[in-house]
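Residue-level structural notes
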Amino acid sequence: MPEKTSILVVEDDKDILYLIAYHLEKEGYKVFRATSGNEALSILSDEQIELAVLDIMLPEMPGTDICRHIRKSERHQTIPVIFVSARGELSDRLLGFEIGADDYLVKPFSPFELVARVRTLIKRSKGTNDYYCYRGFEVFFDRHLLKIEGQAIHLSPREFKVLQVLVEIKQKTLSRDVLLAKAWGLDSRSSARSVDVVMTRLREKIKPYDICLKT
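Residues numbered from 1 in each chain as written. Predicted model: local features only at pLDDT ≥ 70, side-chain atom pairs only at ≥ 80, totals over all residues. Heavy atoms only, no water.

Digging into the pairing of strand β6 (residues 131-134)
Two faces belong to every sheet, and in a regular strand the side chains alternate between them. We count it as follows: Strand pairing is assigned whenever DSSP detects at least two bridges linking the two strands. Every helix listed is a DSSP run of H or I at least four residues long, and every strand listed is a run of E at least two residues long, numbered separately from the N terminus.
Both β6 and strand β7 (residues 137-140) contribute to a ladder of four bridges, which runs antiparallel. From the neighbouring strand, Tyr134 faces β7, where its bridge partner is Phe137. Counting the residues between successive antiparallel strands, the hairpin from β6 to β7 contains two residues, one of them, Arg135, with a positive phi of roughly 55°.

Laid out in structure tokens, this is it:
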């Protein structure tokens, strides 16, 4: 039998914790349960977790701090993270994504929807390097294709190459010169101004995901 995917669920409300764990285990996942931040960090230290479901308002430390810990961890920094929180304002959700969450579910929620989102993120995380997806933003590297909310977006070869570089080094900072070398080539005679021009065009084409490109 193949080894089960390990999921960490952190929730201080024991009824909600039981509900989430029950439905995930019914789906075939191995669930590690925690009711506090310190308990969660202990599990992350001892186990090879493959996805985390985090409540935000927790005793000892908020779920946002646990997410930051995951993103700094050599073992777990690439695992998908889902926030489950009663905080549903746009600013709360944007903060969650900026910290490093892959998805955000507002309470009250359907456990079936949570399971569906977990299934999707697990599938993406175990996928090939030819495909990248963030919410409704999909990049098919082998086909040189970008889709936003299911709609194909036309990119020039240079725009697509810049996008590919940015996706591959996500959450890291690149100077214009380094981006120029990676996307144009070391022998290119283009200047840093070329980077600015392409970035401007790229931002226009990938709205509303242009907020993910920070200068």
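What follows picks up the thread again.
Comments concerning the pattern of salt bridges
Heads up, the condition is: What makes a salt bridge here is a side-chain nitrogen of Lys or Arg within 4 Å of a carboxyl oxygen of Asp or Glu, nothing more.
Within the structure shown, the criterion is met by 12 salt bridges. As a salt-bridge pair, Arg117 and Glu113 come within 2.5 Å of each other at their nearest N and O atoms. On the criterion of helical spacing, the pair formed by Arg117 and Glu113 is a turn pair, its members being four residues apart in helix α5 (residues 111-125). Ionic pairing is found between Asp196 and Arg176, a salt bridge with its closest N-O pair at 2.6 Å. Placement of Asp196 in helix α8 (residues 192-205) and of Arg176 in helix α7 (residues 176-184) is noted, with a sequence separation of 20 residues between them. Three or more residues joined by partner-sharing salt bridges are found here, namely Glu11, Asp55 and Lys107.

What to know about the packing of helix α6 (residues 157-168) against α8
Put simply, the test is: Angular values range over 0 to 180 degrees, each being the angle between N-to-C directions of two axes fitted as lines to C-alpha atoms, with helices fitted over their stretch in contact. An angle below 35 degrees is read as roughly parallel, one above 145 as roughly antiparallel, one from 65 to 115 as roughly perpendicular, and any other as oblique. Note on contacts: a residue pair is in contact if any heavy atoms of the two residues lie within 4.5 Å. Under the scheme applied, nonpolar residues are Ala, Val, Leu, Ile, Met, Phe, Trp, Tyr, Cys and Pro; charged residues are Asp, Glu, Lys and Arg; polar residues are all the others, including Gly.
It is the contact of α6 with α8, at a shortest axis distance of 10 Å, that shows an interaxial angle of 85°. Our classification of the angle between α6 and α8 gives roughly perpendicular. Every residue of α8 that contacts α6 at Arg158, Glu159, Val162, Leu163 and Leu166 is listed here: Val198, Met199, Arg201, Leu202 and Lys205. Counted by class, the contact of α6 with α8 contains six nonpolar, no polar and four charged residues.

What about the nonpolar core?
Burial of nonpolar side chains together is a common tendency in soluble globular proteins. Inclusion rule: Among the buried residues, those of types Ala, Val, Leu, Ile, Met, Phe, Trp, Tyr and Cys that are joined through side-chain atoms within 4.5 Å form a nonpolar core. Think of it in three bands: residues with accessible area under 20% of the maximum for their type are buried, residues over 50% are exposed, and the middle band is partly exposed, with areas taken using a 1.4 Å probe on protein chains only.
With 47 residues, the main nonpolar core has Leu8, Leu54, Ile66 and Val162 as its most contacted residues. Considering each element in turn, this core owes the most residues, six residues, to α6. Setting aside residues up to four positions removed in sequence, Leu8 forms contacts with Phe32, Ala34, Ala40, Ile43, Leu44, Ile49, Leu51, Ala52 and Val53. Grouped together as the second largest cluster of nonpolar side chains are 19 residues, Val53, Phe109, Leu114 and Ile122 included.

So far we have only geometry, and geometry alone does not tell us how the molecule works.
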